[in-house]
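Residues per chain, in single letters:
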Amino acid sequence: GGEFTDVATNKDWELTDGGSFALAADFGISPQTQWELFISHRSSALKASGFSPVVDNIGLDVTYFHLGGTYFVEQVGRGFYVVGGLGLTHFDPRESGLNSETRPSLNLGVGFMLPLGKHVGVKLEARGFATLINSSSAMFCSGGCVVQIKGDTLGQGELLAGIAARF
């Protein structure tokens, strides 16, 4: 989810829920901490809830590219951990004629890793994302702007489950 506020109508453009996938590459730096390269991609849509005369639904892919780290309470690969990172959010409309946008962002989260063996584990994780948006700007423009928004940040969240393999 998440939403933008339209400048002209003061109504919300809502980001619909959609499936996502993520890839994390972690590099150990101590028994409890790791550096992390995190990429997450979500297929979504921007929904105008019927107030836009031009369009009421824009297909939108949202991709996060973040560098950060994890801190495990016990040791890397076992138990509870916190995670965070800084990077960029890339918004890519699927409608022809609309330009993509890239904005700075950050993420914070918590997780639990259950080891299944020496090199494999199951990860359960919740992350929150905040993307910095200009307080009043046009987005997805190409010879005219479909979305003109106001606000400072866009908040989104993900619940993740996956397999971790250690080398």
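Quick note: structure is the one above.
Residues numbered from 1 in each chain as written. Predicted model: local features only at pLDDT ≥ 70, side-chain atom pairs only at ≥ 80, totals over all residues. Heavy atoms only, no water.

Student: Describe the pattern of salt bridges, and please don't skip the residues or the numbers.
Tutor: In the structure shown here, the tally under the stated rule is six salt bridges. Salt-bridge contacts for R127 lead to E36; the nearest nitrogen and oxygen are separated by 2.8 Å. Of the two residues, R127 is situated in strand β8 (residues 120–132) and E36 in strand β4 (residues 33–47); the sequence distance between them amounts to 91 residues. For the pair shown, R127 and E36 are each scored as buried. Between R42 and E158 there is a salt bridge, with the nearest N and O atoms lying 3.5 Å from each other. With R42 in strand β4 and E158 in strand β11 (residues 153–165), this pair connects stretches of sequence that are 116 residues apart. (Salt bridge = Lys/Arg side-chain N within 4 Å of Asp/Glu carboxyl O. Helix = DSSP H or I, 4+ residues; strand = E, 2+ residues; numbered from the N terminus. Buried < 20%, exposed > 50% of the residue type's maximum accessible area, 1.4 Å probe, protein only.)

Student: I'd love a proper account of the layout of surface pockets, names of residues and values included.
Tutor: Roughly 570 Å³ of internal volume is contained in the largest pocket. A24, D26, K123, A164 and A165 are the residues nearest the centre of the largest pocket, which is lined by 27 residues in total. For the lining of the largest pocket, the elements supplying multiple residues, two or more each, are β3 (20–28), β4, β8 and β11. Ranked by residues supplied to the lining of the largest pocket, first place goes to β3 with eight residues. Tallied by class, the residues present in the lining of the largest pocket amount to 18 nonpolar, four polar and five charged. (1 Å grid on protein atoms, 1.4 Å probe; cavity = no way out; pocket = protein on both sides within 12 Å on 5 of 7 lines; lining within 4 Å. Points joined across faces, edges and corners; volume = space filled by probe spheres on them. Nonpolar A, V, L, I, M, F, W, Y, C, P; charged D, E, K, R; others polar.)

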